[in-house]
Amino acid sequence: MDLESRLRLERHVPEVEEFLASTSGRLVHRPEDEDGAYWIMMQARGQSGEPFIARLVWTVYPLRPPSLLFADSVGGATNRPASWPSAAGYRAPNDVCKPFTAEGQALHPEWATGPHAWRASGNPFLYVVETVQGDIDRANGQRAA
Amino acid sequence: MTGQPKDITVTVTFATAPKPFREDFEPRTQLSVVLDAALKEFGITADGTTRYYLLHKDDEPALTVTLADLAGHAHAVHLRLRTETTQG
């Protein structure tokens, strides 16, 4: 990851952490993680128990959407359906086919323009985390398996 | 002597917007009007594939709710714009 991307990400992290604190979530970036890689503990609003662990990897920030997968633990495997939310467009354990993910944009070149185009303004990191939280809330925290 | 009800200052934040949308509205204004104004300000054109909605204190009020209903005795309301892709 280039220096500018890293610096911009660092500037946006506090807002993400503030949001996650309001939803009993947490952002994790370990020393051994590559630049731009984060593990996000999230759970449906008002629920307790085992959180989802979203693995978010940014490459060029904020110009490109992140890769989004779900893991069974911080640093763990992403190939277990039970780690994934049962939400529309979340195709466990392969990808999240949504306009705010690298996987979704790669599968749908037509999303590059128009209403599904990636928005690089403001705080895209916060945008992705808020949107995933909304999807998990609507799924009532249900898991794919 | 009763005066006109004061306008309510509405602030709508959206994560990918460079700055919040802020405008005064009459208290009887429905949220649907605020949503339309905010989308216009943020340069978003609804096309039926994405649902845009407003959160007030973590709840999603109906778009028919008025600002007076939301604000109570307050003269300002803070809303958060969120999106949900409904068709890929």
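Description of the structure in this document. (Residues numbered from 1 in each chain as written. Chains lettered and ligands numbered in written order. Predicted model: local features only at pLDDT ≥ 70, side-chain atom pairs only at ≥ 80, totals over all residues. Heavy atoms only, no water.)

### Some points on the interface of chain B and chain A
Link 1 in the chain: Counting residues at the interface gives 21 residues for chain B, matched by 19 residues for chain A.
Link 2 in the chain: Overall, the association of chain B and chain A removes approximately 1,500 Å² of surface from exposure, summing both partners, and the carbon and sulfur fraction of that is 48%.
Link 3 in the chain: If you sort the residues of chain B by the area they bury against chain A, Ala 15, Thr 16 and Arg 82 of chain B come out on top, with a joint share of 36%.
Link 4 in the chain: Counting every contact that joins chain B to chain A gives 3 salt bridges. (Contact = heavy atoms within 4.5 Å. Buried area = accessible area lost by both parts, 1.4 Å probe. Salt bridge = Lys/Arg side-chain N within 4 Å of Asp/Glu carboxyl O.)

### Things to note about helix α1 (residues 3-22) of chain A
Link 1 in the chain: End to end, α1 of chain A covers 30 Å across 20 residues, agreeing with the expected 28 Å (1.5 Å per residue, within 8%).
Link 2 in the chain: At His 12 of chain A, α1 of chain A shows its largest bend, some 35°, and a proline, Pro 14 of chain A, comes one to four positions later.
Link 3 in the chain: For α1 of chain A, the full list of buried residues reads Ser 5, Leu 9, His 12, Val 13, Val 16, Phe 19 and Leu 20 of chain A.
Link 4 in the chain: Buried positions along α1 of chain A lie against β1 (26-28), β2 (37-42) and α3 (124-138) of chain A together with β4 (76-85) of chain B.
Link 5 in the chain: Backbone nitrogen of Glu 4 of chain A and a side-chain oxygen of the N-cap are separated by 3.3 Å at the start of α1 of chain A; the cap is Asp 2 of chain A.
Link 6 in the chain: Positive phi appears at Ser 24 of chain A, one or two residues downstream of α1 of chain A, with a value of about 60°. (Helix = DSSP H or I, 4+ residues; strand = E, 2+ residues; numbered from the N terminus. Expected span 1.5 Å × (residues − 1). Bend = angle between axes of the 7 residues up to and from the residue. Buried < 20%, exposed > 50% of the residue type's maximum accessible area, 1.4 Å probe, protein only. Polar contact = N/O pair within 3.5 Å; in protein donor to acceptor, adjacent residues only side chain to side chain.)

### Here we look at the packing of aromatic side chains
We describe a pair of aromatic rings using the distance from one ring centre to the other and the angle between the two ring planes.
Link 1 in the chain: By the definition in use, this model includes 10 aromatic pairs over all chains.
Link 2 in the chain: Their ring planes at 80° and their centres at 6.3 Å tell us that Phe 52 of chain A and Phe 70 of chain A sit as a pair that is edge-to-face. Linking Phe 52 of chain A in strand β3 (residues 52-57) with Phe 70 of chain A in strand β4 (residues 67-71), this pair joins segments that are 18 residues apart in sequence. Of the two residues, Phe 52 of chain A and Phe 70 of chain A, neither departs from the other in class, the shared state being buried.
Link 3 in the chain: Note on Phe 14 of chain B and Phe 42 of chain B: the rings are 5.6 Å apart at their centroids and 35° apart in plane angle, and the pair reads as tilted. In this pair, Phe 14 of chain B is assigned in the loop between β1 (8-13) and β2 (21-25) and Phe 42 of chain B in the loop between α1 (31-41) and β3 (50-55), connecting sequence segments 28 residues apart.
Link 4 in the chain: Among the residues examined, Phe 42 of chain B registers a relative accessible area of 9% and is labelled buried.
Link 5 in the chain: Among the aromatic side chains, those forming a connected cluster through ring pairs are Tyr 38, Trp 58, Tyr 61, Trp 118 and Phe 125 of chain A. (Phe/Tyr/Trp six-rings, centres within 6.5 Å; stacked < 30°, edge-to-face > 60°.)

### Comments concerning α1 of chain B
Residues and elements named next belong to chain B.
Link 1 in the chain: Among the residues of α1, those classed as buried are Leu 31, Val 34, Leu 35, Ala 38 and Leu 39. Along the long axis of α1, the arc covered by the buried residues comes to 130°, so they all point the same way. Away from its buried face, by an angle of more than 90 degrees, α1 presents the exposed residues Asp 36 and Lys 40.
Link 2 in the chain: Tucked into the core, α1 has its buried residues touching β1, β2, β3, α2 (67-71) and β4.
Link 3 in the chain: Two residues or fewer after α1 comes Gly 43, characterised by a positive phi angle close to 75°. (Arc of directions from axis to C-beta.)

### Topic: the pattern of salt bridges
Link 1 in the chain: Here the structure, examined in full by the defined rule, presents 16 salt bridges over all chains.
Link 2 in the chain: Close ionic contact of Asp 135 of chain A with Lys 98 of chain A constitutes a salt bridge, the shortest N to O distance being 4.0 Å. In this pair, Asp 135 of chain A sits in helix α3 while Lys 98 of chain A sits in the loop between β6 (95-96) and α2 (102-107), placing the two residues 37 residues apart along the sequence. Lys 98 of chain A matches Asp 135 of chain A in its accessibility class, with the two residues each being buried.
Link 3 in the chain: When salt bridges with common partners are traced through the structure, they connect Lys 98, Asp 135 and Arg 138 of chain A together with Arg 51, Glu 60 and Glu 84 of chain B into a single cluster.

### Describing the side chain of Arg 82 of chain B
Link 1 in the chain: Following the sequence through the fold, Arg 82 of chain B ends up in strand β4.
Link 2 in the chain: Assessed through its relative accessible area of 8%, Arg 82 of chain B is described here as buried.
Link 3 in the chain: At 3.2 Å, the side chain of Arg 82 of chain B and the side chain of Glu 130 of chain A are in polar contact.

### Some points on the environment of Asn 94 of chain A
Residue and element names in this part refer to chain A.
Link 1 in the chain: Within the fold, Asn 94 resides in the loop between β5 (90-91) and β6.
Link 2 in the chain: Residue classification places Asn 94 among the exposed residues on the basis of a relative accessible area of 55%.
Link 3 in the chain: Ignoring any residue separated from it by four or fewer positions in sequence, one finds Asn 94 in contact with Leu 69 and Trp 84.

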